[in-house]
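For reference, the chains in residue letters:
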Amino acid sequence: MVGEYCRRDRNTTRLFAVAELDKRPKVLVVGWDGVRDDTLRQMAPEAISEIASRGRWWTTTLPDVDIAPTMTAVGWSTILTGVWPDRHEVLGNDDTYHLLHRYPDMLTRAFCARPDIATYAATSALIFGTDFGPGPVLGPGVRTMTWFDRRTYPGGFADTDVLVADDAERRLGTQEHDFSFVYLGETDSAAHAHGVGSRYEEAIARQDARLARMVQAIRARPTFDDESWLVMLTTDHGHRDEGGHGRGSWQERQSFVVAGLLDGSPATWATEAANVDIAPTAWAHLRVTPSERWLCQGTSLLAP
Ligand SMILES: [Zn+2]
């Protein structure tokens, strides 16, 4: 990035480099549950496509099902810890045995390494906010936690995603969080109830509109020009055509990673990605150096 400017004008380069370094790095990871990459690419919704245009959109494939079962708790544990299930050992939604205490979530890692990093998560899935299954998957380093109990809302995720998005829009726009994770689950419920079809696509479109509101709130921040926002999106697993997951079909194993810098800064992105790369990419942007003891199995998608 700086090299390109160097070739044009050394003085400009120096100013540009200083300005970039002075920008406060911010990371938002948005999780959409059970969103198929092929459906998403076909739809190419506006907000996610805009993020990708400022970075990259990778199709990822989960390992074989005997290594990484296509289950919600497994997928999010992998994404949030930066290690595959052979390390975190969450192998199902009902698993109570696991090693998440040894491999805490990426926000907790960042906060423990650098307590000046303000962390925030908003979600309504049981594994994040209760001791259901392997939960809580989000650890004590998530200093601001918004959690709604979807069991108490008649529409489940269709109701609570609205509340989660409202909370995220407000906090991202007005508060000083550096590393945020926002989870929306309606897409998974729609696929389970109706299969992969129009109802599923409508849920994806609603989640994209919620993403657009979050990005709009970030752009409206009075300090936006002094911040460098990395936004990433991903999913935990795909779905069979008729709805359902947990087996090893390619439809269930497909996933994606989208990453982009909101200010449009030039960057060099990796050509290939895996879901374990999300955590180290966030850490790299936040200038958190992973310890060897973290045993992270991913690498940053952003070239230094
Ligand atoms: Zn899921």
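Predicted model only: the values in this text are computed from it and were never measured.

### Side note on the layout of surface pockets
Left-over empty space is what a probe sized like a water molecule reveals as it rolls over the atoms. Of the voids in this model, the second largest pocket is the one considered here, and its volume is about 190 Å³. Taken together, Asp-33, Thr-72, Ala-73, Asn-93, Ala-125, Leu-126, Ile-127, Phe-132, Arg-150, Phe-157, Tyr-183 and Asp-188 form the lining of the second largest pocket. Put simply, the parts of the chain that give the lining of the second largest pocket at least two residues each are helix 5 (72-81) and helix 8 (126-129). Each residue belonging to the lining of the second largest pocket can be placed in one class, and the counts come to seven nonpolar, two polar and three charged.

### Points about the sheet that holds strand 1 (residues 24-32)
Strand pairing within a sheet occurs via backbone hydrogen bonds; the two strands may be parallel or antiparallel. Taken in spatial order, the seven strands line up as 2-7-6-1-5-3-4 in an open sheet, and their pairing is mixed. Looking at which strands have only one partner, the edges of the open sheet turn out to be strand 2 (55-61) and strand 4 (144-147). Mean inter-strand twist for the sheet, computed between neighbouring axes without regard to direction, equals 10°. Strand direction decides the pairing type here: strand 3 (residues 119-123) and strand 5 (residues 179-184), joined by four bridges, are parallel.

### Overview of unusual backbone geometry
Of note, the bond from Gly-135 into Pro-136 is cis; its omega dihedral lies within 30 degrees of zero at -5°. Along the chain, the position of Pro-136 falls in the loop between helix 8 and strand 4. The phi torsion at Ala-44 lies on the positive side, around 45°, for a residue other than glycine. Counting through the fold element by element, Ala-44 comes out in the loop between helix 3 (37-43) and helix 4 (46-53). For Glu-89, which is not a glycine, the phi torsion comes out positive at approximately 65°.

### Details of the packing of aromatic side chains
Scanning the model with the defined rule gives eight aromatic pairs in all. Ring centres 5.6 Å apart and planes at 80° place the aromatic pair Trp-76 and Tyr-183 in the edge-to-face group. A residue pair is termed long-range when its members are at least 10 positions apart, and Trp-76 in helix 5 and Tyr-183 in strand 5 qualify at 107 residues. Judged by its relative accessible area of 0%, Trp-76 is buried. Look at Tyr-183 and you get buried, because its relative accessible area is 2%. Taken together, Trp-76, Phe-128, Phe-157, Phe-181 and Tyr-183 form an aromatic cluster joined through their ring pairs.

### Some thoughts on the side chain of Asp-277
Within the element layout of this structure, Asp-277 appears in the loop between strand 7 (254-261) and helix 13 (278-286). With no salt bridge to any partner, buried Asp-277 finds its closest opposite charge in Arg-56, at an N-O distance of 11 Å. Here the side chain of Asp-277 touches Ala-274 through a polar contact of 2.8 Å, landing on its backbone nitrogen. In this view, Asp-277 contacts Glu-272, Gly-298, Thr-299 and Leu-301; residues no more than four positions away in its chain are not counted.

### Describing the pattern of salt bridges
Summed over the entire model, instances satisfying the criterion amount to 22 salt bridges. With a closest N to O distance of 3.4 Å, Arg-170 and Asp-167 form a salt bridge. Of this pair, Arg-170 and Asp-167 both sit in helix 9 (residues 157-174), three residues apart, which is roughly one turn of that helix. When its relative accessible area of 44% is taken as the criterion, Arg-170 is described as partly exposed. Between Glu-186 and Arg-210 there is a salt bridge, with its nearest N and O atoms 3.1 Å apart. Taken together, the residues Glu-186 in helix 10 (residues 186-194) and Arg-210 in helix 11 (residues 198-219) connect sequence positions 24 residues apart. For the pair formed by Glu-186 and Arg-210, the shared burial category is buried. A single salt-bridge network, built from bridges that share partners, covers Arg-24, Lys-26, Glu-176, Asp-178, Arg-221 and Glu-227.

Reading guide: rules and limits
- Residues numbered from 1 in each chain as written.
- Predicted model: local features only at pLDDT ≥ 70, side-chain atom pairs only at ≥ 80, totals over all residues.
- Heavy atoms only, no water.
- 1 Å grid on protein atoms, 1.4 Å probe; cavity = no way out; pocket = protein on both sides within 12 Å on 5 of 7 lines; lining within 4 Å.
- Points joined across faces, edges and corners; volume = space filled by probe spheres on them.
- Helix = DSSP H or I, 4+ residues; strand = E, 2+ residues; numbered from the N terminus.
- Nonpolar A, V, L, I, M, F, W, Y, C, P; charged D, E, K, R; others polar.
- Pairing = 2+ DSSP bridges.
- Axes fitted to C-alpha atoms, helices over the stretch in contact; angles between N-to-C directions.
- Phe/Tyr/Trp six-rings, centres within 6.5 Å; stacked < 30°, edge-to-face > 60°.
- Buried < 20%, exposed > 50% of the residue type's maximum accessible area, 1.4 Å probe, protein only.
- Lys, Arg positive; Asp, Glu negative; His and termini not counted.
- Salt bridge = Lys/Arg side-chain N within 4 Å of Asp/Glu carboxyl O.
- Polar contact = N/O pair within 3.5 Å; in protein donor to acceptor, adjacent residues only side chain to side chain.
- Contact = heavy atoms within 4.5 Å.

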